[in-house]
Amino acid sequence: MSDNTDVLVADKLVRHFKTGKGQTVHAVNDVSLSIAPGETLALVGESGCGKSTLGRMIMGLDRPDSGAVHLLGRDLARMGNRDLHTARRSVQMIFQDPSASLDPRWTAEAIVREPLDNFRIGTSAERRDHVLQLLSKVGLRPDQAKRYPHELSGGQRQRLGIARALATRPRLVVADEPVSALDVSIRAQVINLLCDLRDEMKLSLLFISHDIGVVSHISNRIAVMYLGRIVEAGETAAVLNAPQHPYTVGLLESVPRPRPADRRQRAPLEGDPPSPINLPSGCAFRTRCPMAVDVCANVVPPLRPTAPGRFSACHRADDMTKKELLNV
Amino acid sequence: MTGEPFLSIRNLTVGFGAGGAIRAVRDVSFDLEAGKTLCLVGESGSGKSVTATSIMGLHKPGSAHVEAATMRLDGINLLECDEREMSRLRGSLMAMIFQDPMSSLNPALTIGFQLREALLLHEKMSTRAANARVMEVLQRVRIPDAARRMSAYPHQLSGGMRQRIMIAMALICRPRLLIADEPTTALDVTVQAQILWLLSELQREFGTAIIFITHDLGVVAEIADDVAVMYAGSLVERGPVHAIFENPAHGYTAGLLRATAEFVPGEPSRGRLEEIPGNVPSFSMLPQGCSFVERCRFAVDSCHRRTPDWRDVTFGHASRCDQPVAYGPTANLTVEVSA
Amino acid sequence: MTTVSSPALSKPKPARPGVAVSLSLLALAVVILMAIFGPLVFGLGNDLNPMMRLKPPSAIAWFGTDNLGRDVFVRTVSGARNSVTVGLCTAIVVLAIGGTLGVVAGYFNWVDRIVMRLADGLMAIPGILLAIALVSVLGGGLVTVIIAISVPEIPRTARLMRSVVLSIRELPFITAAISVGSSTPKILLRHIVPNAIGMLSVQATYVCAAAILSEAALSFLGVGTPPDVPSWGNVIASGKEYFRLAPWIIAFPGLLLSIMVLSINILGDRLRDRFDPRLAARRAS
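Model, not experiment: these values are computed from the prediction. (Residues numbered from 1 in each chain as written. Chains lettered and ligands numbered in written order. Predicted model: local features only at pLDDT ≥ 70, side-chain atom pairs only at ≥ 80, totals over all residues. Heavy atoms only, no water.)

A separate point is the overall build of chain A. The secondary structure content of chain A amounts to 10 helices and 12 strands. In terms of overall dimensions, chain A has a C-alpha envelope of 65 × 50 × 45 Å along the principal axes. In chain A, buried positions account for 58% of the 328 residues. For chain A, contacts bridging at least 24 residues in sequence account for 63% of all contacts bridging at least 6. Accessible area for chain A stands at about 13,100 Å²; split by element, carbon and sulfur atoms hold 49% of it. For chain A, the centre of its 43 positive side-chain charges and the centre of its 36 negative side-chain charges are spaced 3 Å apart. (Helix = DSSP H or I, 4+ residues; strand = E, 2+ residues; numbered from the N terminus. Buried < 20%, exposed > 50% of the residue type's maximum accessible area, 1.4 Å probe, protein only. Contact = heavy atoms within 4.5 Å. Areas by Shrake-Rupley, 256 points an atom, 1.4 Å probe, with all protein chains shown as cover. Lys, Arg positive; Asp, Glu negative; His and termini not counted. Charge placed at Lys NZ, Arg CZ, Asp CG, Glu CD.)

So this is what it looks like as structure tokens:
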């Protein structure tokens, strides 16, 4: 599912961690994905599914055990430190917790200026102007440039984080749960800002989130992760309206909707996700899956195309159209 | 409505700091019927947790100034209870669960021991009988393999399991009021759905009244019978859940509903989200008049001048807003916007 | 924008320094003045006066005299110079070496393994014994004393800085700095060190106080500064045999020593509160 024009192509990424006790955490198992210019791919899943580890590898902050991360055609996973530094200019990150991701001892201006200094973008005077432009672009006033993060509100801090991420004019931005730490009345502002800037700067966005509502709003395509693997991928509306993996179905069932009229009538998906240390044999979801059959325990289902642009890693993906199977 | 409501709060004001000058909760009034769920909705700093801890009497002595015209639970005047009576009521008549179960569990003691102690604190019974009750309640909150879990320590359990243990601990003495302070915020959505489901199941079985504190409108729609919306320390709207969602009558509630990105199967995504401008005000910088006035799209002159009084919208649905009809129904909002 | 704010709700006043802190600062200022001007004004107090041996405090000798008839007041005031010098120099040496080692060890795992094993080894030796051994090898004198006191303090400070850096290193703003392309030296010097400096300055006060005490202990044991240069330690040491007869020889320098160390520790605690990020956040909100 890649072609040469894609901004990012991740190919068969694997990342395992060793714990102190000599156990292996299977954080990311054989994940491939691609993002086209201007496209927003949402990475959806619950805590521990490996979405943040995947994000770190795509940022070049962590190297995969195997597999490749092609950013604009060059493999981050095999780059030397100098090349990696250069490559970082084209991929930037927006963090979940705006307070913790801003150095408390730096002013807003210094924070946004840091990437400009690092990549020697423009002269000193140009950098100053550029910083003010960026601040106004994200809706911060010039007089706020001299403020420290703790003197700004949560929403303003996240705006600052966005300004920093856009300073180098990156091609790809990895946004790791960028609104989940914000007050609900502030989220819409930040989501709109992110959408506007994405369209204006023709950014590609990897949007990591567990919030289906936000994802449905912001993304073109969606990849659902469960225990280190992508279990389903496709166009956002198609996946959300007609999921082809029972985990996606369970996830969508679990999302509370602000509509008292369609209150859930059925018991939700049961159990906790298994530990990524002791993965179940075969399909990792089979322990919670209402549709599991014998083959699920023996064979790891590959992510395979089910329709144009649609992929599912379920042995019974073709049965998924028969909705009644899920109502067990 | 016949007789006295199960829980009745009138004009609750809670202040912190010197002389109670920082008023985190101002003039909050609501009722709760036995066996019903009231959702207290608000953002961080809206005063929703302070309201709950005031009902539970959980403020550190001397730290908070709690004043109210009425605070009655099940016929008991909580304002007249001293600390000893309150601590007897906590656990037996009312109980509370929190966002982070780890902070309320002792990491050095087993689950079984802690549950048994919670029970023996309020009821006289043999250890054997207590253990049997603990087993029963663990099974009731659907802890798999309950017998083995009794000898487990808190860190050996997942977040969802720990929250189930907390619910078990809260319900072991069959309290009639359960206050749940963002109990699912730290959990994954699939686990959150399980916990919400469990709470409503237990409520049906035991007839427990629940005050559920949350900022998540989805959760509210899922479990509430009644909703009370808080903003900057005051209650701005209250009413039955359907009325609040379908016909919000306060600028803040309406703004929140319109600003929330939601996914509804079969419906196209809303276009641009409607933003609520500005930031949540701090207690020391509250605007004059309605506290939401600076962020409200529908504000008129009078909103700046004085704090609006309560107005009835429909039976049981009231709002503290001078423009309660301006917002219109939200039921067809998606269609309107996308059309 | 119209806002109401009653006087009680307006900005919190900057917290006034407590009485303890004010007194500590005062005591410290007095001691430092003594250290600078004491020897200039009073000399070193080495004039022997056999007629005046072991005299109690009086108008002539405010703190009394010692067994050689030397004025304890003069020796105490002038002794402040030695004690303060040892305290400050040790703090600087320990912070420079221990702090650097700790920061580097905290950030680079491979350095960590080497430095921390060495530190463990050094920490296993009782500090005062190590100091005695060093002094006996290198001979007496101010520089030796400073080295002898610094060596056992360095691993402690290195360990502390390492743990501070380890926790800062994991914060998202460090990840953010890496992802905007900041070099490792820049991250260490511009992000990690400024955020660790608070803890470092707190540690400085403790090291300073401990060094002053250690110097006193070494002098008391007779391996500290030479007896003809007074320090609180050797003044106390010279009084130890006459404690029953002439308690003032020990009492006055001992009192000053206690006040000085207490003051420095109080200021250190105050500094720690100031730099604690959680407390800082509470002040900011």
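Past the structure itself, the notes keep going.
Before going further, it helps to examine helix α7 (residues 184-220) of chain C. Since the α-helix advances by 3.6 residues per turn, residues separated by three or four positions end up pointing in the same direction. All names here are of chain C. End to end, α7 covers just 47 Å across 37 residues, shorter than the expected 54 Å (1.5 Å per residue, more than 12% under). Maximum bend of α7: about 50°, positioned at Val193, with proline Pro194 one to four residues after it. Residue Gly222 follows α7 closely and has a positive phi angle near 90°. (Expected span 1.5 Å × (residues − 1). Bend = angle between axes of the 7 residues up to and from the residue.)

Counting residues at the interface gives 17 residues for chain C, matched by 23 residues for chain A. Of all residues in chain C, the largest losses of buried area upon contact with chain A belong to Phe173(C), Ser179(C) and Val180(C), amounting jointly to 32% of the total for that side. Our count for the contact surface shared by chain C and chain A stands at zero salt bridges. In this structure, the connection of chain C to chain A is made through 13 residue pairs in polar contact (both at pLDDT 80 or more). Elements represented by at least two residues in the side of chain C that touches chain A include exactly α6 (172-179) and α7 of chain C. When residues in the side of chain C that touches chain A are grouped by element, the largest group, seven residues, is from α6(C). Considering only residue class, the side of chain C that touches chain A consists of nine nonpolar, six polar and two charged. (Buried area = accessible area lost by both parts, 1.4 Å probe. Salt bridge = Lys/Arg side-chain N within 4 Å of Asp/Glu carboxyl O. Polar contact = N/O pair within 3.5 Å; in protein donor to acceptor, adjacent residues only side chain to side chain. Nonpolar A, V, L, I, M, F, W, Y, C, P; charged D, E, K, R; others polar.)

To describe a pair of aromatic rings, you give the distance between the ring centres and the angle between the ring planes. Enumeration according to the criterion identifies seven aromatic pairs over all chains in this entry. The interplanar angle of 50° and the centroid separation of 4.5 Å between the aromatic rings of Tyr226(A) and Tyr247(A) together place this pair among those described as tilted. Of this pair, Tyr226(A) sits in strand β9 (residues 221-226) while Tyr247(A) sits in helix α9 (residues 246-254), and the two are 21 residues apart along the sequence. We classify Tyr247(A) as buried; its relative accessible area is 0%. Between Tyr231(B) and Tyr252(B) the ring centres are 4.5 Å apart and the planes differ by 50°, which places this aromatic pair in the tilted class. Remark: Tyr252(B) occurs in helix α11 (residues 251-259) and Tyr231(B) occurs in strand β10 (residues 226-231); sequence separation between them is 21 residues. No difference in accessibility class separates Tyr231(B) from Tyr252(B), as the two residues are buried. Positioned above the aromatic ring of Trp310(B), the side-chain terminus of Arg238(B) is 4.2 Å from the ring centre. (Phe/Tyr/Trp six-rings, centres within 6.5 Å; stacked < 30°, edge-to-face > 60°. Lys NZ or Arg CZ within 6 Å of the ring centre and 35° of its normal.)

For a regular strand, side chains alternate in direction, first toward one face of the sheet and then toward the other. Residue and element names in this part refer to chain B. For strand β8 (residues 177-181), the buried fraction is high: five of the five residues fall into the buried class. Here β8 shows a buried face lined by Leu177, Ile179 and Asp181 and a second buried face lined by Leu178 and Ala180. As judged from the four bridges shared by strand β7 (residues 94-97) and β8, these two strands associate in the parallel manner. Within the sheet, the bridge partner assigned to Met94 lies in β8 and is Leu177. Where β8 and strand β9 (residues 209-214) come together, five bridges link them in parallel fashion. (Pairing = 2+ DSSP bridges.)

Moving on, we get to the pattern of salt bridges. Taken as a whole, this structure holds 40 salt bridges over all chains when the rule is applied. A salt bridge links Asp196(A) to Arg272(B), with the nearest nitrogen and oxygen atoms 2.7 Å apart. Residue Asp196(A) is located in helix α6 (residues 184-201), and its partner Arg272(B) is located in the loop between α11 and α12 (301-305); the two belong to separate chains. Between Glu123(B) and Arg133(B) there is a salt bridge; the shortest N-O distance is 3.4 Å. Here Glu123(B), found in the loop between α4 (111-122) and α5 (127-140), pairs with Arg133(B), found in helix α5; they are 10 residues apart in sequence, far enough to count as distant. Each of Arg306(B), Asp309(B), Arg311(B) and Asp322(B) takes part in salt bridges that share partners, so that together they form one network.

On to the domain arrangement of chain A. Think of interface size as the accessible area that goes away when the parts come together; that is how it is often given. Residues and elements named next belong to chain A. As assigned here, chain A comprises domain 1 (8-90 + 170-327) and domain 2 (104-169). Placing the centre of domain 1 and that of domain 2 at their C-alpha centroids yields a distance of 30 Å. Listed as interface residues are 17 residues of domain 1 and, on the opposing side, 14 residues of domain 2. Carbon and sulfur atoms supply 69% of the area that domain 1 and domain 2 bury against each other, a total of about 1,400 Å² over both sides. Close ionic contact of Glu200 with Lys137 constitutes a salt bridge, the shortest N to O distance being 3.5 Å. (Domains from an automatic or database assignment.)

Right, let's talk about the nonpolar core for a bit. Ranked by size, the top nonpolar core spans 134 residues in total, and within it Leu160(A), Ile162(A), Leu138(B), Ile167(B) and Phe212(B) carry the most contacts. If one sorts the elements of this core by residue count, α6(A) sits on top with 10 residues. Residues in contact with Leu138(B), not counting those within four places in the same chain, are Leu115(B), Ile143(B), Ala146(B), Met150(B), Ile165(B) and Ala168(B). (Core = buried A, V, L, I, M, F, W, Y, C linked by side-chain atoms within 4.5 Å.)

This brings us to the environment of Gly282(A). Within the fold, Gly282(A) resides in the loop between α9 and α10 (294-298). Considered as a pair, Gly282(A) and Val184(A) are 98 residues apart in the sequence and their alpha carbons are 40 Å apart.

Quick look at the UniProt feature "domain: ABC transporter" (unreviewed entry) in chain B now. As annotated in UniProt, the feature "domain: ABC transporter" (unreviewed entry) corresponds to residues 9-257 of chain B in the numbering used here. In this annotation, residues 9-257 of chain B is assigned 42% helix and 25% strand; the end-to-end C-alpha distance for the span is 27 Å. (UniProt positions renumbered as here; feature names shortened; annotations may be inferred.)

A word on the domain arrangement of chain B. All names here are of chain B. Assigned domains of chain B: these are domain 1 (7-231) and domain 2 (247-338). On a C-alpha basis, the centroid separation for the pair domain 1 and domain 2 is 29 Å. Taken together, the 11 residues of domain 1 in the interface contact 14 residues of domain 2. Between domain 1 and domain 2, roughly 1,100 Å² of surface is buried when both sides are summed, and carbon and sulfur atoms account for 64% of that area. When residues of domain 1 are sorted by the area they lose upon contact with domain 2, Glu43, Leu217 and Tyr231 head the list and together hold 52% of the total. Counting the contacts that link domain 1 with domain 2 gives one salt bridge. If you look at where domain 1 meets domain 2, you find three residue pairs in polar contact (both at pLDDT 80 or more). Mapped by element, the contributors of at least two residues to the side of domain 1 that touches domain 2 are β2 (22-32) and β10. At five residues, β2 tops the list of elements feeding residues into the side of domain 1 that touches domain 2.

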